[in-house]
Amino acid sequence: MSFLLDLLIFAVAWTHVLIAPYTKVEESFNLHAIHDLLLHGSRPEGLQKFDHKVFFGAVPRSFVGSIALAWLSNYVARLANDLSLLTSKFDLQIVIRLTLASINALGLCFLRHAVARRFGRLTSLLFTLITVSQFHIPFWMGRTLPNMLALPFVNFALYLFLDSGSRAARMSTTRLSWAIALMTFAAVVIRVEIAPLLGLFAIQLFADGSLSVTRLVKVLRFLCATYHMVFMHAGRIALTVSIDSFFWDHWPLWPEFSSVYFNVYEGKSADWGVSPFWTYFATFLPRLLMATEVFIPFGFASNAHIRSLVESAVGFLFLMSFLGHKEWRFVVYVVPILNIASAQGAQTFIRQRKKTLFSRLKFLVVVGALVLNASATVLLTRASIANYPGGHALSRLNERYAETPHVHVHIANLAAQSGASLFLQTHAPPYASRLGILPPAISATHPWIYNKTENLPPVDIAYNSLFTHAIAESRDALPAGRWEVVDVIDGFGGWKVRKDVLRLVNKKGLEGLLRIIEMKKENKLWIFEKRVV
């Protein structure tokens, strides 16, 4: 059973990568950094071609996570190539995402084992079912957001906090040291918002007697003696400053400090929108946890250790609420924590020695919550798959004109932001030949040009003699006499509820019932080809 639960976590993670292989703009920094590291290399001549030199962004981000994922993905890509699974650069993007999804899945598996030892097998089973039935973590755990690069560190640290080997034993100094090291590394190097979560964990450890001043001194001494300065604050800062200063060509540069200074001290995060104080509690948390959120109070009431976890999570959400700009990904680290509380609460809710009608009804409530989670996740996943028109458009263009030399295509902003990543520039260098991926025959001799110049006026595209194709955001973007629409890419346009429910059910049975809610599609992008005059 234990192996099957781990396999389920991995299977769900991989499935979300394979059914939604394209990426969006918020994932692009790390994804394109990995692209450049693997295909350009990190020598000075290759560094000048990196994507971040062209698209800088509001604040610099750390390359440390990208370097680590690129290093791991390199080995996985070579293995995939030996198995004849790689045919294009886009396949390499899928390998990278599967590698990240596997790391995050592994973190959840370790956490599940800790839950089993601390709270029992039924709670572990429910934790797994709750996690895989939700949308956000399974869908995003293979996406190269900085938060998804940081999430494994938090989950492995939480595993160490929980996995004492028995329900009563106190965590060893070694495990405590590693847990603190992992979370501080993630906070200093990858995502600074993890720091308050670690602080709240430390307060809870002091409160329940697991940590004292004497023991904290032992932990710090252990880290210094065993892992030297790499795991101390100065060592982490030195690591990110040295690496990121090199890649950004600016000395000294500590990206996470720059982020705090820009977003918090200068208050520039408000430029991306300000949400009410209770948004995390009232809006994002219900979306992240879904129907199984209702079991958290039962878990909170049943176990002191669950109470300390929930208090840390709620405290973290409260602190993050003081920032005006709010996004679900800033607080995603509390989802596994609260899922543990939900699992323990569901286990408490259905636990009853005698089988009665009431106990069976409670069991059905838990099953119903899981079914609601899964049903909503199916709808959200279907919508998300249709929400990457740029990826679909560029794939369609690559396939349609695969045998055409001298293609020069302009990619509109929407396309660039919704899936048209560098890995989809399959007919242009850099090629992944050293990884065993050969360029298309014609492209090797007549490489394409993919132009992503932002805010280029339509007239500059229409009458530029260099452009042969364009992916535009409107059918009327280019003059009909000079340009021809060769394909239209649809995207998600909302949901509609069918009114003829009875007719559908009578005609198609269960299949008809599943068609009651239909996805609406809208034209999002148009592929143009210049007419030969």
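Everything discussed here concerns the structure shown above.
Residues numbered from 1 in each chain as written. Predicted model: local features only at pLDDT ≥ 70, side-chain atom pairs only at ≥ 80, totals over all residues. Heavy atoms only, no water.

### Overview of the pairing of strand 3 (residues 469-472)
Side chains His469 and Ile471 of strand 3 all project onto a buried face; the interleaved residues Ala470 and Ala472 project onto the opposite face, where all are buried too. The pairing of strand 1 (residues 408-411) with strand 3 spans three bridges and is parallel. By the bridge assignment for strand 3, Val409 is matched with His469. In this structure, strand 3 lies alongside strand 5 (residues 517-530), joined through four bridges in antiparallel fashion. Within the sheet, the bridge partner assigned to His469 lies in strand 5 and is Glu529. (Buried < 20%, exposed > 50% of the residue type's maximum accessible area, 1.4 Å probe, protein only. Helix = DSSP H or I, 4+ residues; strand = E, 2+ residues; numbered from the N terminus. Pairing = 2+ DSSP bridges.)

### Brief notes about helix 2 (residues 28-39)
With twelve residues, helix 2 ought to run about 16 Å at 1.5 Å a step, and its terminal C-alpha atoms sit 16 Å apart, in line with that. The element helix 2 is extensively covered by neighbouring structure, given that eleven of its twelve residues are classed as buried. By the burial criterion, the buried members of helix 2 are Phe29, Asn30, Leu31, His32, Ala33, Ile34, His35, Asp36, Leu37, Leu38 and Leu39. Backbone geometry just after helix 2 places Gly41 at a positive phi near 85°. (Expected span 1.5 Å × (residues − 1).)

### Some words on helix 4 (residues 64-82)
Here helix 4 spans 28 Å end to end across 19 residues, near enough to the 27 Å set by a 1.5 Å rise per residue. Positive phi appears at Ser84, one or two residues downstream of helix 4, with a value of about 60°.

### Quick look at the pattern of salt bridges
All chains considered together, the criterion is met by eight salt bridges. Salt-bridge contacts for Asp487 lead to Arg396; the nearest nitrogen and oxygen are separated by 2.9 Å. In this pair, Asp487 sits in strand 4 (residues 483-497) while Arg396 sits in helix 19 (residues 389-400), placing the two residues 91 residues apart along the sequence. Judged by its relative accessible area of 16%, Asp487 falls in the buried class. Residue class for Arg396 comes out partly exposed when judged on its relative accessible area of 35%. With a shortest N-O distance of 3.5 Å, Lys524 and Glu522 are connected by a salt bridge. Here Lys524 falls in the partly exposed class, since its relative accessible area comes to 23%. Residue classification places Glu522 among the partly exposed residues on the basis of a relative accessible area of 38%. (Salt bridge = Lys/Arg side-chain N within 4 Å of Asp/Glu carboxyl O.)

### Remarks on the layout of surface pockets
Considered as a void within the structure, the second largest pocket measures approximately 370 Å³ in volume. As for the second largest pocket, its lining consists of 18 residues, and the residues nearest its centre are Lys49, Asp51, Leu422, Gln425 and Pro429. Partitioning the lining of the second largest pocket into residue classes produces eight nonpolar, four polar and six charged. (1 Å grid on protein atoms, 1.4 Å probe; cavity = no way out; pocket = protein on both sides within 12 Å on 5 of 7 lines; lining within 4 Å. Points joined across faces, edges and corners; volume = space filled by probe spheres on them. Nonpolar A, V, L, I, M, F, W, Y, C, P; charged D, E, K, R; others polar.)

### Some thoughts on the nonpolar core
With 134 residues, the main nonpolar core has Leu92, Leu162, Met183, Tyr333 and Ile340 as its most contacted residues. Among the elements that line this core, the one with the most residues is helix 5 (residues 89-119), at 14 residues. Contact partners of Met183, with chain neighbours within four places excluded, come to Val154, Ala157, Phe161, Ile194, Leu197, Leu198 and Phe201. Formed by nine residues, the second largest nonpolar core is a distinct cluster that contains Ile461, Ala462, Ala472 and Phe528. (Core = buried A, V, L, I, M, F, W, Y, C linked by side-chain atoms within 4.5 Å. Contact = heavy atoms within 4.5 Å.)

### With respect to the packing of helix 14 (residues 279-289) against helix 16 (residues 304-320)
Relative to each other, helix 14 and helix 16 sit at 115°, their axes nearing to 10 Å. Facing helix 14, whose interface residues are Tyr280, Phe281 and Leu285, helix 16 presents Val314, Leu317, Phe318 and Met320. Residues that form the contact of helix 14 with helix 16 fall into these classes: seven nonpolar, no polar and no charged. (Axes fitted to C-alpha atoms, helices over the stretch in contact; angles between N-to-C directions.)

### As for the packing of helix 6 (residues 121-133) against helix 18 (residues 357-385)
Viewed as axis vectors pointing N to C, helix 6 and helix 18 meet at an angle of 25°, and their least axial separation amounts to 8 Å. If you check the angle between helix 6 and helix 18, you find them roughly parallel. Where helix 6 approaches helix 18, its residues Leu126, Leu129, Ile130 and Ser133 are matched on the opposing element by Val366, Leu370, Asn373, Ala374 and Thr377. Of the residues contributing to the contact of helix 6 with helix 18, the split by class is six nonpolar, three polar and no charged. (Parallel < 35°, antiparallel > 145°, perpendicular 65-115°, else oblique.)

### Describing a nonpolar patch on the surface
Together, Leu357, Phe358, Leu361, Phe363, Leu364, Val367 and Val371 give the surface a local cluster of nonpolar side chains, amounting to about 710 Å² of exposed area. Looking at the element boundaries, Leu361 is found in helix 18. Exposure remark for Leu361: the relative accessible area of 45% places this residue in the partly exposed category. (Patch = residues over 30% accessible without salt bridge, like charges linked within 9 Å, V, L, I, M, F, W, Y side chains within 5 Å. Areas by Shrake-Rupley, 256 points an atom, 1.4 Å probe, with all protein chains shown as cover.)

### Some points on the side chain of Asp6
Mapped onto the elements, Asp6 comes out in helix 1 (residues 2-19). Ignoring any residue separated from it by four or fewer positions in sequence, one finds Asp6 in contact with Cys109, Arg112 and His113.

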